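Each chain, letter by letter, is given below.
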Amino acid sequence: MNLSGLLAWFNRVGGYRTLRQDLEGGETPAALGLLRAARAPVLAALTADLNRPLLVVAGRVERAKDLAQSLQDWVSNPVDVVRFPEPLALFYERVPWTEEVTSGRLSVIAELFARCDLAPDFIADTVDPFRTPVVVTSVRALMQRTIPLQQYRLAVRQYRVGQVLELERIVSHWAGLGYEPVSVVEKQGQFSHRGGILDVFPPATPLAVRLELFGNQVESIRRFDPTTQRSQDRVESVIVIPAREALPKHGPRAAAQLDDLLAGDLRPDVREELESHHRNLIAAAPFPGVEYYLPYFYTLPATLLDYLPREALIVVDDLRELADGWATLEKEAVDLAAAAAEGEHLPANYPLPYATWEDWSEQVADRPVLRLDFGAGETTSDLSDSFVPGPRFGGQLKPVLDHLQSVQERGEQVVVASQQARRLAELWGEQHTYVPPLNELTTLPSSPLTFVQGSAAEGWVVRECEDATEAVVLHLLTDAEIFGW
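Calculation rules
Residues numbered from 1 in each chain as written. Predicted model: local features only at pLDDT ≥ 70, side-chain atom pairs only at ≥ 80, totals over all residues. Heavy atoms only, no water. Helix = DSSP H or I, 4+ residues; strand = E, 2+ residues; numbered from the N terminus. Buried < 20%, exposed > 50% of the residue type's maximum accessible area, 1.4 Å probe, protein only. Contact = heavy atoms within 4.5 Å. Lys, Arg positive; Asp, Glu negative; His and termini not counted. Charge placed at Lys NZ, Arg CZ, Asp CG, Glu CD. Pairing = 2+ DSSP bridges. Axes fitted to C-alpha atoms, helices over the stretch in contact; angles between N-to-C directions. Expected span 1.5 Å × (residues − 1). Polar contact = N/O pair within 3.5 Å; in protein donor to acceptor, adjacent residues only side chain to side chain. 1 Å grid on protein atoms, 1.4 Å probe; cavity = no way out; pocket = protein on both sides within 12 Å on 5 of 7 lines; lining within 4 Å. Points joined across faces, edges and corners; volume = space filled by probe spheres on them. Nonpolar A, V, L, I, M, F, W, Y, C, P; charged D, E, K, R; others polar. Parallel < 35°, antiparallel > 145°, perpendicular 65-115°, else oblique. Left-handed = near helix turned anticlockwise from the far one by under 90°. Salt bridge = Lys/Arg side-chain N within 4 Å of Asp/Glu carboxyl O.

Visitor: Quick question: what am I supposed to make of the overall build of the protein chain here?
Guide: Secondary structure summary: the protein chain contains 18 helices and 18 strands in total. For the protein chain, the spread of C-alpha atoms along the principal axes amounts to about 80 × 55 × 45 Å. Expressed as a percentage of its 485 residues, the buried residues of the protein chain come to 53%. A separation of at least 24 residues holds for 73% of the contacts in the protein chain among residues at least 6 apart in sequence. Between the mean site of the 44 positive side-chain charges and the mean site of the 68 negative ones, the protein chain shows a separation of 3 Å.

Next up, the structure:
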């Protein structure tokens, strides 16, 4: 569902215009105290108006997922909203990251890196000036340390048609970036070398890439579908980014940290696992679970904030939830570290694998941070005063239809976004002029009543400024209000 057409309505709201002007002028407003249901559309409107990247941070994983889904309903192009996912493994756990998490995190890192000052020209030139990414993440994902910005910059390579390659060096470089050598490339993070063909599938691209060589010179570069192995369009160049946040090329320095642990008494299954890790670390080879050793790989591991362009706006959904979530995860990490050390499963002097609350506070101290929740004393803003929750009907449809009629009689505008929009439109048409439901709402509706087929998270009522000459109220009615879903 797409409700982006309603965003133009927000420019009639005095509180929103003030917020937009403050942010455009470099000022960071006080906490907005926004109704939760209004946060996604307000952020979508800011995304369209400010033309700058947003990093939206939620205290809980589920809240981050909900916000990302809601934002996709509101922005004009849903692919602009991306999730920076959290590993399933807890801190101090030797649990491999899933391919989905690895690919998702690296895709976001690649997107932000292309916009930062350190990005080389061949990457900066790939930035779409008409695309404004909105990155939604949780405390858990943000706490996880990652590859330092400078290390990432040194790792990225561009390959062009006509370029002469040293095959052994290329293969070694890709393995050191975490690419798995295979006979046939089928998924992201893999590469293969067969005669005069080099295949590679970077994490941030939807298709794999085939470099066809004549001798050691790149004769052509094609994208191909790994499921069918069929070639697609030709391209003049390709950019290969790291396949993991823990670059295996730094493995040998981490291997030494396991020596004392392997010399002690370990359960057979633990010893077998650690010995396998030790061999792969020494060989600088990628393997499932290499991220556990990331703190050893880099002297100063980074966080996602290090990749954030200076002009980006950091948005905090709820500061209390953020602080509580951070404190909870830190306590869990301390307890897990103690248990691992007691069980002699933790290498000596294992570095802190996560960013602390103090780290976060220091990094955002000189950045613009917009709070959507209530500030001290539960204060509100002009914008928050414009939004109120909509009425609830508990599945009783006659009161819903009566409400729609009364809203129109008052000269107000209402949009009904529901999975049952067609049925509601039919019921309305039995006593009034039938209003055919839409599949999406990409332009501001001119009619007083609009039905949209789909499911929005939650509705609201928003008022224009006092001197508005047109309709002064817009109602968004969803299944949450109609049916309690």
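Visitor: Looking at this structure, how should I read helix α8 (residues 167-176)?
Guide: Owing to its 3.6 residues per turn, the α-helix aligns residues three or four sequence positions apart on the same side. All buried positions along α8 are accounted for by Leu 167, Ile 170, His 173, Trp 174, Ala 175 and Gly 176. In the core, the buried residues of α8 are packed alongside α7 (149-155), β4 (157-160), β6 (190-194), β7 (197-200), β8 (208-214) and β11 (237-240). Where α8 ends, the next residue or the one after it, Gly 178, has phi of about 100°, a positive value.

Visitor: Would you mind showing me how to read the sheet that holds strand β13 (residues 369-371) here?
Guide: Strand-to-strand pairing in sheets goes through backbone hydrogen bonds, with the strands running parallel or antiparallel. Judged by pairing direction, the sheet is parallel, and its 5 strands sit side by side in the order β2-β3-β1-β12-β13 without closing on themselves. Either end of the sheet is taken by a strand with one partner, and the two such strands are β2 (81-84) and β13. Across the sheet, the mean angle from the axis of one strand to that of its neighbour is 25°, orientation sign disregarded. In the sheet, strand β1 (residues 54-58) pairs with strand β12 (residues 313-316) via 4 bridges, with the strands oriented parallel. In the strand pairing of β12, Leu 54 is matched with Leu 313.

Visitor: Teacher, can you tell me more about helix α13 (residues 319-342) here?
Guide: Helix length check: α13, at 24 residues, gives a terminal C-alpha distance of 35 Å against a target of 34 Å (1.5 Å per residue), a fit within 8%. The set of residues buried in α13 consists of Leu 322, Gly 325, Trp 326, Leu 329, Glu 330, Ala 333, Ala 337 and Ala 340. Those residues of α13 hidden inside the fold are in contact with β1, α6 (139-143), β12 and α14 (357-364). By the N-cap criterion, in which a side-chain oxygen at the helix start approaches the backbone nitrogen of a residue two or three places on, α13 is capped by Asp 318, the distance to Arg 320 being 3.0 Å. Residue Glu 344 follows α13 closely and has a positive phi angle near 60°.

Visitor: What am I meant to see in the layout of surface pockets here?
Guide: Once rolled over the atoms, a probe with the size of a water molecule shows which space is left empty. Each pocket or cavity is described by its volume, and for the largest pocket that value is around 1000 Å³. The wall of the largest pocket is formed by 35 residues, among which Ser 107, Ala 110, Glu 111, Ala 204 and Thr 205 lie closest to the centre. Per-element accounting of the lining of the largest pocket gives the leading share, 9 residues, to helix α4 (residues 99-113). Taken together, the residues of the lining of the largest pocket break down into 18 nonpolar, 8 polar and 9 charged. Taken as a whole, the second largest pocket holds about 410 Å³ of empty space. Along the wall of the second largest pocket there are 20 residues; nearest its centre are Glu 99, Glu 180, Lys 187, Gln 188 and Arg 244.

Visitor: When you look at empty space enclosed by the protein in this model, what are you seeing that I'm missing?
Guide: Under the counting rule described, the total for this entry stands at 3 cavities of 30 Å³ or more. Considered as a void within the structure, the largest cavity measures approximately 130 Å³ in volume. Along the walls of the largest cavity sit 15 residues, with Leu 90, Glu 93, Gln 144, Glu 291 and Tyr 292 positioned nearest its centre. When its residues are assigned to classes, the lining of the largest cavity shows 11 nonpolar, 1 polar and 3 charged.

Visitor: Could you clarify how one ought to interpret the packing of helix α2 (residues 36-50) against helix α3 (residues 61-74) in this entry?
Guide: When two helices pack together, their arrangement is given by the angle between the helix axes and by the axis-to-axis distance. Where α2 meets α3, the axes come as close as 9 Å, and the angle between the chain directions of the two elements is 55°. Taken together, the axes of α2 and α3 are oblique relative to one another. In this structure, the crossing between α2 and α3 has a hand that is right-handed. Residues Arg 36, Arg 39, Ala 40, Pro 41, Leu 43 and Ala 44 of α2 pack against Arg 63, Ser 70, Leu 71 and Trp 74 of α3.

Visitor: Would you take a moment to explain the side chain of His 475 for this structure?
Guide: Looking at where His 475 falls in the secondary structure, it is placed in strand β18 (residues 473-478). Judged by its relative accessible area of 7%, His 475 is buried. Beyond its immediate sequence surroundings of up to four residues, His 475 is in contact with His 403, Val 407, Arg 410, Glu 412, Gln 413, Val 414, Val 415, Trp 460 and Val 461.

Visitor: Whenever I open this one, the side chain of Arg 140 confuses me. Can you help?
Guide: Along the chain, Arg 140 turns up in helix α6. The side chain of Arg 140 is buried and forms no salt bridge, while Glu 93, the nearest opposite charge, is found at 7.2 Å. Engagement of the side chain of Arg 140 in a polar contact is seen with the backbone oxygen of Ala 89, the distance being 2.4 Å. In this structure, Arg 140 is in contact with Val 61, Glu 86, Pro 87, Ala 89, Leu 90, Phe 91 and Leu 329, ignoring residues within four places of it in sequence.

Visitor: Even after reading the chapter, I still don't get the sheet that holds strand β14 (residues 387-388), so can you show me in this structure?
Guide: Read across the sheet, 5 strands follow the order β14-β17-β18-β15-β16 without closing on themselves; strand pairing throughout is mixed. Edge positions in the sheet fall to β14 and β16 (449-453), since each of these pairs with one other strand and no more. The sheet contact formed by β14 and strand β17 (residues 460-463) spans 2 bridges and is antiparallel. In the sheet register, Phe 387 faces β17, and the bridge partner there is Val 462. Helix α17 (residues 421-429) rests against β15 (413-418) and β16 of the sheet, and its axis sits at about 150° to β16.

Visitor: Please clarify how the pattern of salt bridges should be interpreted in this entry.
Guide: Side chains bearing opposite charge may pair, as long as their charged atoms lie close to each other. Using the criterion set out here, one finds 29 salt bridges in the structure. The partner of Glu 321 in a salt bridge is Arg 60, and the shortest N-O contact between them spans 3.8 Å. Within this pair, whereas Glu 321 is found in helix α13, its partner Arg 60 is found in the loop between β1 and α3, the two being separated by 261 residues in sequence. On the accessibility criterion, Arg 60 (41% relative accessible area) is partly exposed. Taking the shortest distance from any N to any O, the salt bridge between Arg 271 and Glu 275 comes out at 3.8 Å. Residue Arg 271 and its partner Glu 275 are located together in helix α11 (residues 268-282), separated by 4 residues, close to a single helical turn. The class for Arg 271 is partly exposed, based on a relative accessible area of 23%. Look at Glu 275 and you get partly exposed, because its relative accessible area is 32%. Three or more residues are tied together by salt bridges with common partners; here these are Arg 36, Arg 60, Asp 318 and Glu 321.

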